[in-house]
Amino acid sequence: MYIGIDLGGTNIAAGIIDENCNIIHEMSCETKSERQPQEIINDMIDLVLNIITEVNMQLKDIKAIGIGIPGLADKNGNVIFCVNLGWKNVPLREMLDAKLHTPIHIDNDATVAALAEYENGSMKNCKSGVMLTLGTGIGGGIILNGEVYSGFNGVGSELGHTVVGENFYDCNCGRNGCLETFASSTAIIRYTKKLIGEMNESTIIIDKAEGNINNINAKIIFDCAKEGDKIANLAVNRLVNYLGIGILNIVNFIDPEIISLGGGVAGAGQYLLDKILDHVRLNKYYEELPIGKIVLAELGNKAGIIGAAMVAKHEYVK
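None of the values given here were measured: they were computed from a predicted structure.

## A word on the overall build of the chain
(1) Moving on: Scanning the chain from terminus to terminus reveals 10 helices and 13 strands.
(2) Moving on: Here the C-alpha atoms of the chain give a radius of gyration of 20 Å, agreeing with the 20 Å that 2.2 N^0.38 yields for 318 residues.
(3) Moving on: Projected onto the principal axes, the alpha-carbon positions of the chain cover approximately 65 × 45 × 35 Å.
(4) Moving on: Long-range contacts, defined here as pairs at least 24 residues apart, represent 61% of the contacts in the chain between residues at least 6 apart.
(5) Moving on: If you sum the accessible surface of the chain, you get close to 14,600 Å²; carbon and sulfur atoms cover 46% of it.

## Points about a nonpolar patch on the surface
(1) Moving on: Where nonpolar side chains cluster on the molecular surface, the patch consists of Ile 80, Phe 81, Val 83 and Val 155 and spans about 280 Å² of accessible area.
(2) Moving on: Tracing the sequence through the fold places Ile 80 in strand 6 (residues 79-82).

## Considering the packing of helix 7 (residues 218-226) against helix 8 (residues 230-254)
Any two packed helices are characterised by the angle at which their axes cross and by the distance between the axes.
(1) Moving on: Viewed as axis vectors pointing N to C, helix 7 and helix 8 meet at an angle of 115°, and their least axial separation amounts to 8 Å. Overall, the two elements helix 7 and helix 8 adopt an arrangement that is roughly perpendicular. The two elements helix 7 and helix 8 meet at a crossing, and its hand is left-handed. On the side of helix 7, the interface is formed by Ile 221, Phe 222, Cys 224 and Ala 225, while helix 8 contributes Ala 232, Asn 233, Ala 235 and Val 236.

## Here's the deal with helix 5 (residues 185-198)
(1) Moving on: Its 14 residues give helix 5 an end-to-end C-alpha distance of 20 Å, which sits within 8% of 20 Å, the value for a rise of 1.5 Å per residue.
(2) Moving on: In this structure, the buried residues of helix 5 make contact with helix 4 (180-183), helix 6 (205-208), helix 7 and helix 8.

## Observations concerning the environment of Thr 10
(1) Moving on: Here Thr 10 shows up in the loop between strand 1 (2-7) and strand 2 (11-17).
(2) Moving on: As a C-alpha pair, Thr 10 and Lys 32 span 22 residues in sequence and 6.7 Å in three-dimensional space.
(3) Moving on: Other than its neighbours up to four places away in sequence, Thr 10 contacts Cys 29, Glu 30, Thr 31 and Lys 32.

## A short note on the state of the cysteines
(1) Moving on: Counted according to the given criterion, the structure contains 0 disulfides.
(2) Moving on: Of all cysteine sulfurs, the one in Cys 171 lies closest to Cys 82, which takes part in no disulfide; the gap is 15 Å.
(3) Moving on: Since its relative accessible area comes to 1%, Cys 82 is described here as buried.
(4) Moving on: With no disulfide of its own, Cys 126 has Cys 21 as its nearest cysteine by sulfur position, at a separation of 13 Å.
(5) Moving on: Residue Cys 126 is classed as buried on the basis of its relative accessible area of 2%.

## Some details on the pairing of strand 8 (residues 104-108)
(1) Moving on: Of all 5 residues that make up strand 8, 5 are buried, and the element is covered over most of its length.
(2) Moving on: Pairing analysis gives 5 bridges linking strand 4 (residues 64-69) to strand 8, with the strands arranged parallel. Paired with Gly 66 across the strands is His 105, a residue of strand 8.

## Looking at the packing of aromatic side chains
(1) Moving on: By the definition in use, this model includes 5 aromatic pairs.
(2) Moving on: Seen in terms of ring centroids, Phe 168 and Tyr 169 are 5.1 Å apart; in terms of plane orientation they differ by 65°. Their pairing is edge-to-face.
(3) Moving on: Centroid distance Phe 222 to Tyr 271: 6.4 Å. Interplanar angle 90°. Geometry classified as edge-to-face. In this pair, Phe 222 is assigned in helix 7 and Tyr 271 in helix 9 (residues 270-283), connecting sequence segments 49 residues apart.
(4) Moving on: With a relative accessible area of 3%, Phe 222 lands in the buried category.
(5) Moving on: Note on Tyr 271: relative accessible area 23%, which makes it partly exposed.
(6) Moving on: Members of the aromatic cluster, joined through ring pairs, are Phe 168, Tyr 169 and Tyr 191.
(7) Moving on: The residue whose ring lies beneath Lys 75 is Phe 152, and the NZ or CZ to ring-centre distance is 5.6 Å.
(8) Moving on: One Lys or Arg, Arg 190, reaches over the ring of Tyr 169 and ends 3.7 Å from the middle of that ring.

What counts, and at which threshold
Counting of residues starts from 1 at the beginning of each chain's written sequence and follows it residue by residue. Where totals are concerned, whole chains, interfaces and linings use all residues; where local detail is concerned, this predicted model gives features only for residues with pLDDT of at least 70, and gives and counts side-chain atom pairs only at 80 or more. Hydrogens and water are ignored here; the side-chain numbers use all heavy atoms of the structure. Where helices and strands are cited, they refer to DSSP runs of H or I of at least four residues and of E of at least two residues respectively, numbered from the N terminus. Computation of the radius of gyration draws on C-alpha atoms alone. For the globule rule, the value is 2.2 Å times the number of residues to the power 0.38. The contact criterion used throughout is that any non-hydrogen atoms of two residues lie within 4.5 Å. Accessible surface is estimated by sampling points in the Shrake-Rupley manner with a 1.4 Å probe; for residues, cover comes only from the protein chains shown. Within this analysis, patches are made of residues with over 30% relative accessible area and no salt bridge. Like charges are joined at 9 Å or less; nonpolar side chains (Val, Leu, Ile, Met, Phe, Trp, Tyr) at 5 Å or less. Criterion for a salt bridge: a side-chain nitrogen of Lys or Arg within 4 Å of a carboxyl oxygen of Asp or Glu. Only the stretch in contact is used when a helix axis is fitted, and all axes are lines through C-alpha atoms; the angle between N-to-C directions ranges over 0 to 180 degrees. For this classification, under 35 degrees means roughly parallel, over 145 means roughly antiparallel, 65 to 115 means roughly perpendicular, and everything else is oblique. We call a crossing left-handed when the near helix sits turned anticlockwise from the far one by less than a right angle, and right-handed when that turn is clockwise. A helix is expected to reach a length of 1.5 Å times the quantity of its residues less one. Disulfides are defined as pairs of cysteine sulfur atoms found within 2.5 Å of each other. To sort residues, take the accessible area from a 1.4 Å probe on protein chains only and compare it with the maximum for the residue type: under 20% means buried, over 50% means exposed, and anything in between is partly exposed. By definition, two strands form a pair when at least two bridges between them are found by DSSP. Two rings belonging to Phe, Tyr or Trp (six-membered ring only in the last case) form a pair when the distance between their centres is within 6.5 Å. Interplanar angles under 30 degrees mark stacking, angles over 60 mark edge-to-face geometry, and anything in between is tilted. Counting as a charge over the ring demands two things of the Lys NZ or Arg CZ atom: a distance within 6 Å of the ring centre and an angle within 35 degrees of the ring normal.

Structure follows, in structure tokens:
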């Protein structure tokens with residue numbers, strides 16, 4: 001058995017996962033991200049201890065623990081940064097090991113989600129796959145020859161921070177033009193609000209947001225686009241254009257067998273996927289270029305704990 005922990009800005013989820021990606025038991029608690037790292041880590045420890053107690057297990061029954069974080073960690077388990085948590089240079093593995101004394105492996109949350117999809121989801125049985133998690137930002141995970149690829153220093157696959165154009169606002173990383181500033185939920189919301197402020201155009205977006213522009217979310221925008229709203233369609237088409245550029249860059253760099261789209265924006269489902277497929281077909285750099293499949297992820301919000309546990313499994317069996 002393995003334990004997977006999905007450390008998010010809002011919640012911390014943990015699950016006991018077997019060799020075949022089945023969730024045996026899971027628990028969660030609020031992150032309360034304004035707290036100090038040690039307080040959040042104490043909650044992670046409590047989750048692990050409580051979850052094994054509830055199923056009458058002991059720590060010795062757990063082969064390894066995997067953790068997906070919304071940031072980057074080095075190969076020694078030190079968190080380089082987690083922007084949403086305000087963490088920099090936090091020795092996460094060392095702090096957990098002081099209480100748990102179990103092998104611990106840490107990776108980026110999008111990377112572990114990719115591994116979950118590879119093990120038992122949309123990329124199962126493929127030799128190479130890339131996952132894009134389209135949420136508040138954009139994360140990336142790369143699987144090559146059945147193994148996670150994160151680069152020499154363990155900080156690769158940050159596909160959301162590939163530059164695809166010039167934008168009207170800077171990314172949280174400090175640069176301008178990152179893919180996540182064009183194709184994340186944050187991006188489409190910001191651009192929609194910009195259009196509403198600049199265009200003399202009626203829109204049903206405000207009605208669906210109950211008259212409050214601050215209630216606008218990605219789902220509202222996609223729903224309005226499906227109903228033919230002009231501003232919503234402008235926003236969706238812009239997202240599709242830049243996401244398509246990002247996907248074609250991945251095709252040109254890696255040529256994966258499958259590209260899987262997950263996260264909240266991918267909740268637009270087949271409607272979004274069809275637009276992406278059309279864009280990629282029309283914009284690949286020569287007409288006959290063969291490309292892999294572009295699909296929707298299958299595991300939803302369970303990918304975090306499953307993938308984290310699978311990271312632990314892969315490292316354990318090496």
